[in-house]
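Remarks on the overall topology
One letter stands for each residue in the lines below.
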Amino acid sequence: MEKVKIGLAGTDFAGRLHLDCLSSLNKVEICAIASLDPDAKDLAKRYGIPEVYDDYRRLLERKDLDVIDICLPTDMHQDACILAAQAKKHIICEKPLTGYFGKERPEDNVGFEVSKEVMLNQMKKECKLVEKAVKENGVKFMYAENWVYAPPFVKLKNLMRVSGGTVIEIRSDMSHSGSQAPYSRRWKTSGGGSLMRLGAHPVSAVIHLKHYEGLLKRGSPVRAKSVFAEVAQHCKIESFQKEDKKYIVSEWVDVEDWGVIVITFEDGSNATIFSSDGVLGGVRNKMEVYMSNAVIHMNMNPNNTLEVYAPEPHIFGDEYLVERLETKAG
Ligand SMILES: NC(=O)c1ccc[n+]([C@@H]2O[C@H](COP(=O)([O-])OP(=O)(O)OC[C@H]3O[C@@H](n4cnc5c(N)ncnc54)[C@H](O)[C@@H]3O)[C@@H](O)[C@H]2O)c1
């Protein structure tokens, strides 16, 4: 098999995750990156990537690339996917696939002013456009949802399969102390708040799990039947606003920074998912699966595989400990 030739669009937080992973695969060649970041050339040098562009559309002009890996801000996903499909490139797209961006509304802040039904309908329309472009051009669309490949989740799935039990309830959580990316503050660029940005991971994982269970037991996926959600802006709590020093991100404009979603599946089972930008102590990626004959707790983060202590933050230098950890001291 020849190497798969990839062009990476976007090289900040998500792009670097992809760079680290893709560069460890020997059937993959990262031929070019596109980025507006000032350190993009240094990054390319570090990973031995020969070409750097300042616009992702330049990647699409290259005849030799098989795949475009989209790690751009969420409001660019839809256009980038359609243009990539039209250029006959297979697509890897970061989560969430899309969102509601209020493009048709001139007002700046749309989040709490537009009905959720309007948002959903617009999103569905836009997803259809991506689907159409992908089908018409005969390319693969690959949604880069990383939870479903994480070793603890793969193990969870396997234990569920072996137990043969029924998944009755799932409780899951993806939370941390707030995204560093400016695009995440506004609905117009992020397409939604914490529910969309963080909740996308556990939502994908619980849907994946119930589909898998259904395929094993009856040959067809157990699908979601209904959903309800509640959202809030905890950054607006008066006493928090008055505090001088903020340890959690507080500059949310018109997006929620907390959300809970309850999914009822067609077999009558439920999943409850929390997503918050107000949780200190490093990222929380958790799932509890309650089955008729077993219980599984997946502690992707925090976990205690390795326990470390240092009295000062500089002691562990640039070594990665835990995503979004506020300090390496202690
Ligand atoms: N799977 C995960 O765990 C995970 C984690 C973080 C973010 N994400 C997703 O990844 C996406 C990016 O997130 P981020 O935090 O890295 O965002 P970011 O805003 O920090 O980075 C966006 C990148 O896109 C580049 N860019 C912007 N316009 C461009 C253009 N026209 N041409 C080329 N490059 C351009 C920027 O230079 C930057 O490198 C989002 O959709 C986010 O939801 C996924």
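Residues numbered from 1 in each chain as written. Predicted model: local features only at pLDDT ≥ 70, side-chain atom pairs only at ≥ 80, totals over all residues.

A look at the domain arrangement of the protein
You can read the domains of the protein as domain 1 (4–143) and domain 2 (146–304). For domain 1 and domain 2, the distance between their C-alpha centroids amounts to 23 Å. Facing the 16 residues of domain 1 at the interface are 16 residues of domain 2. Among the residues making up the side of domain 1 that touches domain 2, the classes are represented as seven nonpolar, six polar and three charged. (Domains from an automatic or database assignment. Contact = placed C-beta atoms within 7 Å. Nonpolar A, V, L, I, M, F, W, Y, C, P; charged D, E, K, R; others polar.)

Re the pairing of strand S2 (residues 28–34)
Bridge count for strand S1 (residues 4–9) against S2 is six bridges, and the pairing is parallel. The residue bridging Leu8 from the neighbouring strand is Ile33, located in S2. A crossover links S1 with its parallel partner S2, the connecting element being helix H1 (residues 13–22), and its sense is right-handed. As paired elements, S2 and strand S3 (residues 51–53) share three bridges and run parallel to each other. Residue Ala32 lies in a different strand from S3, and its bridge partner there is Glu51. The β-α-β motif built from S2, the intervening helix H2 (residues 40–47) and the parallel element S3 has right-handed crossover chirality. (Pairing = 2+ DSSP bridges. Helix = DSSP H or I, 4+ residues; strand = E, 2+ residues; numbered from the N terminus. Right-handed = clockwise from strand over helix to strand, strands pointing away.)

Things to note about the sheet that holds strand S10 (residues 270–276)
Pairing is mixed in the open sheet, where six strands are placed in the order S8-S9-S10-S7-S11-S12. In this open sheet, the two strands that pair with only one neighbour each are strand S8 (224–232) and strand S12 (295–301). Sheet twist, expressed as the mean angle between neighbouring strand axes with direction ignored, is 10°. Across six bridges, strand S11 (residues 284–291) lies against S12 in antiparallel orientation. Residue pairing across strands places Val289 opposite Ile296, the latter belonging to S12. Each of strand S7 (167–175), S11 and S12 touches helix H6 (residues 151–163); the most contacted strand, S12, lies at about 170° to it. Across the sheet, helix H9 (residues 200–218) touches S7, S8, strand S9 (258–265), S10 and S11, and the angle it forms with S7 is around 160°. (Axes fitted to C-alpha atoms, helices over the stretch in contact; angles between N-to-C directions.)

Comments concerning the nonpolar core
Counting residues in hydrophobic clusters, the biggest one holds 30 residues, and the most contacted among them are Ala9, Leu59, Ile68, Ile70, Cys81 and Ile91. Listed by contribution, the elements that provide at least two residues to this core are S1, S2, H2, helix H3 (57–60), strand S4 (67–70), helix H4 (77–86) and strand S5 (90–93). Setting aside residues no more than four positions away along its own chain, Ile91 makes contact with Ile68, Ile70, Cys81, Ala84, Ala85, Val139, Phe141 and Met142. Ranked by size, the runner-up nonpolar core spans 26 residues in total, among them Ile170, Met174, Ala205 and Ile263. (Core = buried A, V, L, I, M, F, W, Y, C linked by C-beta atoms within 7 Å. Buried ≥ 20, exposed ≤ 12 C-beta atoms within 10 Å, placed from the backbone.)

Re the site of the ligand
Not every one of the 23 residues close to the ligand is listed here, only the nearest: Gly10, Asp12, Ala14, Leu36 and Glu94. Sort the elements by how many residues they give to the shell around the ligand and H1 lands first, with three residues. Of the residues in the shell around the ligand, the class split is 11 nonpolar, six polar and six charged. Counting the residues that make up the shell around the ligand, at least three belong to each of domain 1 (4–143) and domain 2 (146–304). (Near = placed C-beta within 6 Å.)

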